[in-house]
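# Chains, contacts and geometry: an overview
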Amino acid sequence: MTPEKVRELLKNVLHPGMEDKDIVSLGLVDDIRTDGDNVTVVLAFPKRRDPLAEYLVGSVRATLYRNTPAGAQIDVRTVVRDEPQPRKKNNVNDLTLEEVSSVRHIIGVASGKGGVGKSTVAVNLAVALARLGYRVGLVDADVYGPSVPLMTATEGIVPEAMEEDGREIILPVEKYGVKWMSIGYFAKLGQALIWRGPMACNALKQLILQVRWDVLDFLLIDMPPGTGDIHISLVNDIPMEGALIVTTPQPVALADVEKGVDMFRNDRINRKIFGLVENMAWFTPEELPDNRYYIFGRDGGKEMAQRLDIPLLGQIPLVQGIRECADAGEPVALSSRPDAAAFLDLARRLAEAAESE
């Protein structure tokens with residue numbers, strides 16, 4: 001592996017905010033050093049941090065991992081060519097809270113484990129709140145498995161960026177009356193983001209704090225499953241008011257719900273739990289809308305909510321149409337179908353809980 005070979009490889013790394021020009025032609029590759037199969041790349045950004053810096057670092061790392069022998073050491077560093085701008089008040093890792101200062105309620109949609117339909121609930125909840133007349137935004141915080149672009153048929157869209165007062169501001173994608181933001185808008189289809197925890201946390205904070213949300217009633221954050229670095233970073237650095245917990249009725253999901261609730265109730269985090277949503281509460285065939293089959297167990301979420309002393313805000317049925325609408329990029333909450341009513345009821349209850357604070 002030679003510096004020349006590495007430079008050729010890096011011509012395949014495109015900058016989504018610069019008309020998809022490659023980072024080599026943009027002059028962002030400051031230095032390349034090789035030692036056998038080991039590679040060190042230094043990216044240089046002018047004046048201030050590029051809003052997509054973490055994405056580009058991850059793309060460079062992924063490109064080199066794919067094209068170097070197994071076991072090769074890959075080191076990607078960044079430098080700033082000029083002196084950084086003076087820090088502003090409310091600074092969080094060179095980001096300010098200015099862009100979320102006009103958001104009334106920032107609420108996380110969380111789950112203890114994956115596979116419970118959390119993103120489906122989050123997307124349909126956002127659409128349902130918008131249908132009720134609220135101003136809504138949603139951040140897809142699952143940086144390793146972003147699904148919002150697919151579920152809203154906004155794949156392939158690259159959000160616009162603008163410079164204002166020496167800061168780079170990203171404009172959200174708007175559709176169905178909701179403002180959307182996802183790392184999926186900045187990654188190629190099928191591209192894996194090979195990021196460590198701190199890198200993912202910084203990228204996520206950029207997706208929230210450098211976006212022009214303007215005035216919102218609700219900003220929902222579709223959080224990744226679990227209780228890891230990203231969750232701790234979000235609750236510490238973002239003024240999140242509380243969380244909505246999503247589960248399914250079966251014991252394997254409910255066991256992890258308790259851990260998620262415990263995390264938000266921990267003295268060092270101390271965020272309100274607005275309530276529990278039992279997703280896939282029962283199966284209802286399209287042709288037999290009055291029939292209910294409790295294939296994952298019955299009332300597991302309801303009983304868990306009572307035991308943990310949190311409200312049960314909704315029970316969402318397992319209906320084939322919900323999955324079909326999600327895959328088609330048209331959330332079922334847009335429709336007048338009976339299953340859409342479950343999301344509208346959930347939106348009303350969440351709004352009432354938030355507005356009563």
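This report concerns the structure included in the present document. Since the structure is predicted, the reported quantities are computational estimates derived from the model, not experimental observations.

The next thing to look at is the sheet that holds strand β4 (residues 38-45). Read across the sheet, 3 strands follow the order β3-β4-β5 without closing on themselves; strand pairing throughout is mixed. Only two strands of the sheet have a single neighbouring strand rather than two, namely β3 (29-35) and β5 (74-80). Adjacent strand axes in the sheet meet at a mean angle of 15°, parallel and antiparallel pairs treated alike. In the sheet, β3 pairs with β4 via 6 bridges, with the strands oriented antiparallel. Bridged to Arg33 within β4 is Thr40. Of the strands in this sheet, β3 and β4 are in contact with helix α1 (residues 3-10), which crosses β3 at around 130°. Each of β4 and β5 is contacted by helix α2 (residues 53-67), which is oriented at about 160° to β4, the strand it contacts most.

Let's shift gears to the nonpolar core. Ranked by internal contacts, the top residues of the largest apolar core, which has 107 residues, are Leu10, Ile208, Leu234 and Phe264. Ignoring any residue separated from it by four or fewer positions in sequence, one finds Leu234 in contact with Ala141, Leu204, Ile208, Ile221, Met223 and Met240.

For Tyr176, which is not glycine, the phi dihedral falls at a positive 60°. Tracing the sequence through the fold places Tyr176 in the loop between β10 (173-175) and β11 (178-182). Looking at Tyr176, the relative accessible area reads 24%, which means it is partly exposed.

Pairing between strand β8 (residues 161-164) and strand β9 (residues 167-170): 4 bridges, direction antiparallel. Opposite Glu163, over in β9, you have Glu168 as the bridge partner. Between β8 and β9, which follow one another and run antiparallel, lie 2 residues, and Asp165 among them has a positive phi close to 55°.

Moving on, we get to the packing of aromatic side chains. Counted according to the given criterion, the structure contains 3 aromatic pairs. Relative to Phe218, the ring of Tyr134 has its centre 5.3 Å away and its plane inclined at 85°; by these criteria the two rings are edge-to-face. Remark: Phe218 occurs in strand β12 (residues 216-222) and Tyr134 occurs in the loop between α3 (118-131) and β7 (136-140); sequence separation between them is 84 residues. On the accessibility criterion, Tyr134 (24% relative accessible area) is partly exposed. Judged by centre distance (6.2 Å) and plane angle (70°), the ring pair of Trp282 and Tyr294 falls under edge-to-face. Residue Trp282 is found in strand β14 (residues 272-283), and its partner Tyr294 is found in the loop between β14 and α8 (300-308); the two are separated by 12 residues along the sequence. Looking at Arg292, its charged tip hangs above the ring of Trp282, at a distance of 3.7 Å from the centre.

So, how was this worked out
- Within any chain, residue numbers begin from 1 and follow the written order of that chain's sequence.
- Under the rules for a predicted model, residues below a pLDDT of 70 receive no local features and side-chain atom pairs below 80 are neither given nor counted, while totals for whole chains, interfaces and linings still include all residues.
- Side-chain figures throughout are based on the complete set of non-hydrogen atoms in the structure, without hydrogens or water.
- Two strands pair under a simple rule: DSSP has to find at least two bridges between them.
- The helix and strand labels rest on DSSP assignments: H or I over at least four residues marks a helix, E over at least two residues marks a strand, and numbering proceeds from the N terminus.
- Axis definition: a line fitted to C-alpha atoms, over the contacting stretch in the case of helices. Angles run 0 to 180 degrees between N-to-C directions.
- Contacts: residue pairs with any heavy atoms within 4.5 Å of one another.
- Nonpolar core, defined: a set of buried Ala, Val, Leu, Ile, Met, Phe, Trp, Tyr and Cys residues in which side-chain atoms within 4.5 Å join the residues together.
- Under the scheme applied here, a residue whose accessible area is under 20% of the maximum for its type counts as buried, over 50% as exposed, and between as partly exposed, the area being computed with a 1.4 Å probe on protein chains only.
- The aromatic pairing rule takes the rings of Phe, Tyr and Trp, using the six-membered ring of Trp, and pairs them if the centres are within 6.5 Å, calling planes under 30 degrees apart stacked, those over 60 edge-to-face and the rest tilted.
- By the criterion adopted, a ring carries a charge over it if an Arg CZ or a Lys NZ lies within 6 Å of its centre and within 35 degrees of its normal.

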